[in-house]
Amino acid sequence: MKTTMKKIVGLSLVTVGVLGFSLPVAAETGAVKTDGKASFIPQSGDINVIKPGTDEKIEIVDGNNERVTVENIQLMHVPDFDFGSNETSVDTKNYDAIYEHYQKTGDTTKYAIPHFVQVGDVSGVQGTAWAVTVEQDALFKETGGHSLRASRINIYNQALTNNVHTGNVAEVVTGLTIPSDSSVQIPVKDVDSTGTVAVLTSKAGKTDETTTNGTISSVVFQKDYDEANYGKTDSPALTDKNADVKLNVPQSDGVQAKAYSAKLNWTLTVGP
């Protein structure tokens, strides 16, 4: 009797399980679409200078901080060239330029960095053509009137950077045209017939991969520039010099024991 009852109960449980099983019913849905909107205008005001090869914001000290904006393209930084104090000589000499100096944001420590030109594009337009050129305004001259007629600044090497297009910067901008094993001479206005020299030019790319729009481009006047070598305790000293920027002073200039200076004109041109 007991055994028979257990079998009946077990059968009853199985039966209930089978009868309680049902297929899920598909849920019904409805959807509404809404708009997401955003519009943009070109940035106004100064763009923060960055350390070439990074996005690190820096401040140039002990030098030039002037800038100019044309059609929402900003020439953010151009360098001074300080060739320091040197001995007179009966020979033709080349004098290296002292590094530029900068500070990190929020830090008063000064660091050396190679001379560079930097352009920010906040035009909001793909394919904008722009170029930066340079020429010396007049001969190197001292206050008494003596000029260095044949002395010229020469740039021997360069490195291009872009803070967005790090792997294909050569498809975005071009730099100086430096002959192999030679240099580019910065011409003197109304003295040299070569005209201005282009130091940094956009390729007016019309794709996200080649446009300068929304990016910062730089040309650094140093061979194989590596940003990791600057801005730390073992960086070059503030008095160290950049061997890729030189002032050539021929013996024929008869340099005097005086202080000479000259102005350089850096021009940003936007358009065809």
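Residues numbered from 1 in each chain as written. Predicted model: local features only at pLDDT ≥ 70, side-chain atom pairs only at ≥ 80, totals over all residues. Heavy atoms only, no water.

Asks: Sorry if this is basic, but what is going on with the packing of aromatic side chains here?
Replies: Summed over the entire model, instances satisfying the criterion amount to five aromatic pairs. Summarising the aromatic geometry, the rings of tyrosine 99 and tyrosine 230 are spaced 6.1 Å apart at their centres and angled 65 degrees between planes, so their arrangement reads as edge-to-face. With tyrosine 99 in the loop between strand 4 (93–98) and strand 5 (100–104) and tyrosine 230 in the loop between strand 16 (216–220) and strand 17 (241–249), this residue pair connects regions lying 131 residues apart in the sequence. Assigned by exposure class, tyrosine 99 and tyrosine 230 land together as buried. Measuring from ring centre to ring centre gives 5.9 Å for tyrosine 225 and tyrosine 230, while their planes differ by 20 degrees; the resulting arrangement is stacked. Every member of this aromatic cluster is reached through a ring pair, and the members are Phe81, Phe221 and Trp266. Between lysine 246 and the ring centre of tyrosine 156, over which it is positioned, the NZ or CZ distance is 5.8 Å. (Phe/Tyr/Trp six-rings, centres within 6.5 Å; stacked < 30°, edge-to-face > 60°. Helix = DSSP H or I, 4+ residues; strand = E, 2+ residues; numbered from the N terminus. Buried < 20%, exposed > 50% of the residue type's maximum accessible area, 1.4 Å probe, protein only. Lys NZ or Arg CZ within 6 Å of the ring centre and 35° of its normal.)

Asks: Would you mind showing me how to read the side chain of glutamine 103 here?
Replies: Position of glutamine 103 relative to the elements: it lies in strand 5. Looking at glutamine 103, the relative accessible area reads 15%, which means it is buried. Within polar-contact distance, the side chain of glutamine 103 engages the backbone oxygen of threonine 108 at 3.1 Å. Those residues in contact with glutamine 103, other than ones at most four positions away along the chain, are Ile58, Glu59, Val61, Thr108, Thr109 and Lys110. (Polar contact = N/O pair within 3.5 Å; in protein donor to acceptor, adjacent residues only side chain to side chain. Contact = heavy atoms within 4.5 Å.)

Asks: For this particular structure, what's the right way to read the sheet that holds strand 5?
Replies: Neighbouring strands of a sheet are bound in pairs by backbone hydrogen bonds; such pairs are parallel or else antiparallel. Pairing within the open sheet is antiparallel, and its three strands lie in the order 1-5-6. Only two strands of the sheet have a single partner each, and these edge strands are strand 1 (58–61) and strand 6 (110–113). Averaged over all adjacent pairs, the angle separating strand axes in this sheet is 45 degrees, with direction ignored. Where strand 5 lies against strand 6, four bridges are found, and the strand directions are antiparallel. Its bridge partner being in strand 6, tyrosine 102 is matched across the sheet by tyrosine 111. (Pairing = 2+ DSSP bridges. Axes fitted to C-alpha atoms, helices over the stretch in contact; angles between N-to-C directions.)

Asks: What exactly am I supposed to notice about the pattern of salt bridges here?
Replies: Note that side chains of opposite charge can pair when their charged atoms are close. Considering all chains together, one arrives at seven salt bridges under this definition. The shortest N-O distance in the salt bridge between lysine 246 and aspartate 96 comes to 2.7 Å. With lysine 246 in strand 17 and aspartate 96 in strand 4, this pair connects stretches of sequence that are 150 residues apart. Residue lysine 258 is joined to glutamate 142 by a salt bridge in which the shortest nitrogen-to-oxygen separation is 3.8 Å. Note that lysine 258 is positioned in the loop between strand 17 and strand 18 (260–261) and glutamate 142 in strand 9 (residues 140–142), a separation of 116 residues in sequence. Judged by relative accessible area, which is 5%, glutamate 142 ranks as buried. (Salt bridge = Lys/Arg side-chain N within 4 Å of Asp/Glu carboxyl O.)

Asks: Any chance you could explain the layout of surface pockets here in plain terms?
Replies: Gaps left between atoms show up when a probe the size of a water molecule is rolled over them. The computed volume of the largest pocket comes to approximately 960 Å³. Forming the walls of the largest pocket are 34 residues, and the residues nearest its centre are Phe81, Phe140, Ser261, Ala262 and Leu264. Among the elements of the structure, strand 3 (73–77), strand 17, strand 18 and strand 19 (264–270) are those that each provide at least two residues to the lining of the largest pocket. Considering only enclosed or pocket space, the second largest pocket measures out at about 180 Å³ in volume. In this structure, the second largest pocket is lined by Ile60, Val61, Asp62, Gly63, Asn64, Asp80, Asp82, Ile98, Tyr99, Glu100, His101 and His115. (1 Å grid on protein atoms, 1.4 Å probe; cavity = no way out; pocket = protein on both sides within 12 Å on 5 of 7 lines; lining within 4 Å. Points joined across faces, edges and corners; volume = space filled by probe spheres on them.)

Asks: Quick question: what am I supposed to make of the pairing of strand 11 (residues 152–155) here?
Replies: Each regular strand carries side chains that alternate between the two faces of the sheet. Residues of strand 11 alternate between two faces, with Arg152 and Asn154 on one and Ile153 and Ile155 on the opposite face, all of them buried. Two elements, strand 11 and strand 17, share four bridges in a ladder whose sense is antiparallel. Bridged to isoleucine 153 within strand 17 is leucine 247.

Asks: Help me understand the nonpolar core, please; the structure alone is not making it clear to me.
Replies: In terms of nonpolar packing, the biggest core is built from 33 residues, with Phe83, Val117, Val132, Phe221 and Trp266 touching the most fellow members. If you list the elements that add at least two residues to this core, you get strand 3, strand 4, strand 7 (116–121), strand 8 (130–136), strand 11, strand 15 (197–202), strand 17 and strand 19. Excluding its chain neighbours within four sequence positions, the residues that come into contact with valine 132 are Leu75, Val117, Val119, Val197, Ala198, Val199, Leu200, Trp266, Thr267 and Leu268. Counting 17 residues, the second-largest nonpolar core is a separate cluster that includes Ile60, Tyr102, Ala159 and Tyr225. (Core = buried A, V, L, I, M, F, W, Y, C linked by side-chain atoms within 4.5 Å.)

Asks: What is the right way to read the environment of proline 42 from this model?
Replies: By the secondary structure assignment, proline 42 is in the loop between helix 1 (2–20) and strand 1. Between the C-alpha atoms of proline 42 and asparagine 72, which are 30 residues apart in sequence, the distance is 6.6 Å. Residues in contact with proline 42, not counting those within four places in the same chain, are Asn72, Val122 and Ser123.

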